[in-house]
Amino acid sequence: MNFVINLLFKLFIENGATLDKLVIYFPDSLKLKPEIFYLLEQNMQFISRVQHLSLSGAAISNIESATSLLRALAKYATKIRALRLTYDSYRTHFFHAAFHDIIQIIKSQEQLRLIKIIGINYASELHGIISALESQKNTLQEAIIDNCDWIAEFEILKNCKNLDTFRIRDCDMKLLKILNCKISTLEILKDHCDISTTTQILEMSGLMLKRLKLRSMINVYEESSILVFEALKSFCPNITYFDLGHMEFSTKLIEVIGNLQKLQFLTLLLFWDNIDETKEELEVRVIHFAEILPLTLQYLKFWGNSQLNSCIDIFLNHCNSPLKTLSIYRPSGEKTFKALNEFSKRNRTLNCVGLYNFDLNYDIRKKVEKYVRLESYEYTDVYC
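Residues numbered from 1 in each chain as written. Predicted model: local features only at pLDDT ≥ 70, side-chain atom pairs only at ≥ 80, totals over all residues. Heavy atoms only, no water.

A.B. asks: Help me get a handle on the environment of K79, residues and values and all.
C.D. replies: Among the structural elements, K79 can be located in the loop between α4 (63-76) and β3 (82-86). Contacts of K79, omitting those with residues within four sequence positions, involve V50, Q51, Q109, E110 and Q111. (Helix = DSSP H or I, 4+ residues; strand = E, 2+ residues; numbered from the N terminus. Contact = heavy atoms within 4.5 Å.)

The structure is reproduced here in structure tokens:
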């Protein structure tokens, strides 16, 4: 394998290839020959146009090779647009040895637009790497922080006045407080989010907010979910992409969606467990939901538990949105496919249906595929 890898490097460099994306990860099993680094020094155009750089670590035996490559990148690869730093707790020695070079890479960039940081849990592991983003405060547009604790260095992002996309995934919610500017895209993935700060961000971003993904248990406390919904209704009517997970199928939720008259992509991962309401009341709610969907909607992922799944046919019979793609969790018998066929004939825009349960009766599949293409659900997902 090493022979093939070194040969490929040699062929690429000698024949004038230029990289667009580079992932630096040097396990023990990878051994680059000194000849490769010599060729690289003579042909720096190989790395001069790198736009996407990912740093994942290096084994102790490869620290010297990795840092040599980082130094070359800091000098010659100055057009990086997206930088990803993955902290591997098994590769701490790599960051300890390479932090100076990583800082120089960040500072040497002319147009860094995106930073993604994964797995940073202690301030001592940063060595000023995040603080170096001060040099990119006029160019940085997107920050993705994944599985990180709160560390004071993140405060530097407050200075990035052109930051318009912010994503935090399984992080300390204090990270939300660093936002002090309007943003167009917000993503929060966390079991329990900071409702107060979230609503403040929605209010601050207002008309500028276009894409919102909120996967958290805000439904656990009804008053908290109402605060978020009220902020959306009052300040954020221009949302075109809306993704909510772990949410109760409530009248408040339906009201919020009905207020989003520019909505194009909607993902709802819902449940219904109100034992005080009858099936008839659920069906009325489903009809109301179907009828309030905006005429701009092109994509809908509508997943729920068994009670909601049993109402998909009712939803289809009352929906007039020009959907192009529909994703449903589990079809509830032949009635779902009959309603799907009728919807397709009436709607004339639907061309793809994503299914979680893809094991269908051949005759049913044949009937449905006269009108739409059936896909496994993961191929129909649309990302924020």
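A.B. asks: Could you give an account of the layout of surface pockets, with specific residues and numbers?
C.D. replies: One number sums up the size of the second largest pocket: a volume of about 180 Å³. The wall of the second largest pocket is formed by K21, V23, H52, L53, S54, A82, L83, R84, L114, K116 and I144. Broken down by secondary-structure element, the contributors of at least two residues to the lining of the second largest pocket are β1 (21-26), β2 (52-58), β3 and β4 (114-118). When the residues that make up the lining of the second largest pocket are grouped by side-chain class, the tally is 6 nonpolar, 2 polar and 3 charged. (1 Å grid on protein atoms, 1.4 Å probe; cavity = no way out; pocket = protein on both sides within 12 Å on 5 of 7 lines; lining within 4 Å. Points joined across faces, edges and corners; volume = space filled by probe spheres on them. Nonpolar A, V, L, I, M, F, W, Y, C, P; charged D, E, K, R; others polar.)

A.B. asks: Lay out empty space enclosed by the protein in plain terms, naming residues and giving numbers.
C.D. replies: Taken as a whole and judged by the stated rule, the model has 2 cavities of 30 Å³ or more. There is about 80 Å³ of room inside the largest cavity. Surrounding the largest cavity, F9, I13, L19, L22, L32, I36, F37, L40, F46, I47 and L69 form its lining. For the lining of the largest cavity, the secondary-structure elements that each account for two or more residues are α1 (2-14), α2 (34-42) and α3 (45-48). A per-element tally of the lining of the largest cavity places α2 first, with 3 residues. Looking at the lining of the largest cavity, its residues break down into 11 nonpolar, no polar and no charged.

A.B. asks: Let's hear about unusual backbone geometry: which residues, and what values?
C.D. replies: Despite not being glycine, N147 has its phi angle at roughly 55 degrees, a positive value. Accessibility expressed as a relative area gives 42% for N147, which makes it partly exposed. Its identity as a non-glycine residue notwithstanding, D170 has a phi of 55 degrees, on the positive side. For D170, the position within the fold is in the loop between β6 (165-169) and β7 (185-189). We classify D170 as partly exposed; its relative accessible area is 48%. (Buried < 20%, exposed > 50% of the residue type's maximum accessible area, 1.4 Å probe, protein only.)

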